[in-house]
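Now for the letters of each chain:
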Amino acid sequence: MTSFSKFSIVLAFLVFLGCGGGGGGDSAEKLAYNGTISEVKSGDQIVTVQVPDSVASGGSVELTFTDTTEVVNKMFASQPFDSLAVDQEIRVNAKKDGDKHVPTQLTILN
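Residues numbered from 1 in each chain as written. Predicted model: local features only at pLDDT ≥ 70, side-chain atom pairs only at ≥ 80, totals over all residues. Heavy atoms only, no water.

Colleague: So, the overall build of the chain: which residues are in play, and what are the values?
Modeller: Within the chain one finds one helix and six strands. Along the chain direction, N to C, the helices and strands of the chain fall in the order α-β-β-β-β-β-β. Per-residue burial over the chain gives 26% buried out of 110 residues. For the chain, the exposed area adds up to about 7,500 Å²; of that, 54% sits on carbon and sulfur atoms. (Helix = DSSP H or I, 4+ residues; strand = E, 2+ residues; numbered from the N terminus. Buried < 20%, exposed > 50% of the residue type's maximum accessible area, 1.4 Å probe, protein only. Areas by Shrake-Rupley, 256 points an atom, 1.4 Å probe, with all protein chains shown as cover.)

Now the structure itself:
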């Protein structure tokens, strides 16, 4: 019969988790792309962004902000939603949920 020390069991467990063996995980596809704001709806916190056709057919994506969506500038300093304006170039980090893009972070590029 083989005996294992507590240390080797803990070490094996940490290696298992570090390799992604913990299961679960985020099943949503993560997206990152640049675009230009074509419409801002402040009351609903919705931004329409013109993007390359490779991101969305029709070339535009409507992004509905959530409580956790961040707006930052090029230096990654937090910005209010009101700082977004038509014709701004932005970098979008989002998760694809069905046919919707749920923004996690918008970076103002200009």
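Having seen the model, we can carry on.
Colleague: Requested: an account of the sheet that holds strand S4 (residues 70-72), with residues and values cited.
Modeller: Strand order in the open sheet made by the six strands is S3-S2-S1-S5-S6-S4, with mixed pairing throughout. If you trace the sheet from one side to the other, it starts and ends with strand S3 (60-64) and S4, each paired once. On average, adjacent strands in this sheet sit at an angle of 40° to one another, irrespective of strand direction. (Pairing = 2+ DSSP bridges. Axes fitted to C-alpha atoms, helices over the stretch in contact; angles between N-to-C directions.)

Colleague: How would you sum up the environment of isoleucine 46? Please name residues and give values.
Modeller: For isoleucine 46, the location among the structural elements is in strand S2 (residues 46-50). Residues contacting isoleucine 46, with those up to four places away along its chain left out, are Glu39, Val40, Lys41, Glu62, Leu63, Thr64 and Phe81. (Contact = heavy atoms within 4.5 Å.)

Colleague: Account for unusual backbone geometry, naming residues and giving values.
Modeller: At glutamine 45, a residue that is not glycine, the phi angle is positive and equals roughly 50°. Counting through the fold element by element, glutamine 45 comes out in the loop between strand S1 (29-41) and S2. The phi torsion at phenylalanine 76 lies on the positive side, around 65°, for a residue other than glycine. In this fold, phenylalanine 76 is placed in the loop between S4 and strand S5 (89-97). With a relative accessible area of 59%, phenylalanine 76 lands in the exposed category.

Colleague: Go over the nonpolar core, please, and point to the residues and values.
Modeller: Counting residues in hydrophobic clusters, the biggest one holds 18 residues, and the most contacted among them are Tyr33, Val47, Leu63, Phe65, Leu84, Val92 and Leu106. Mapped onto this core, the elements with two or more residues apiece are S1, S2, S3, S5 and strand S6 (100-108). Once residues within four sequence positions are removed from consideration, leucine 63 is found in contact with Tyr33, Gln45, Ile46, Val47, Val49, Val92, His101, Pro103 and Leu106. (Core = buried A, V, L, I, M, F, W, Y, C linked by side-chain atoms within 4.5 Å.)

Note that all results are geometric; they support no functional claim without further evidence.
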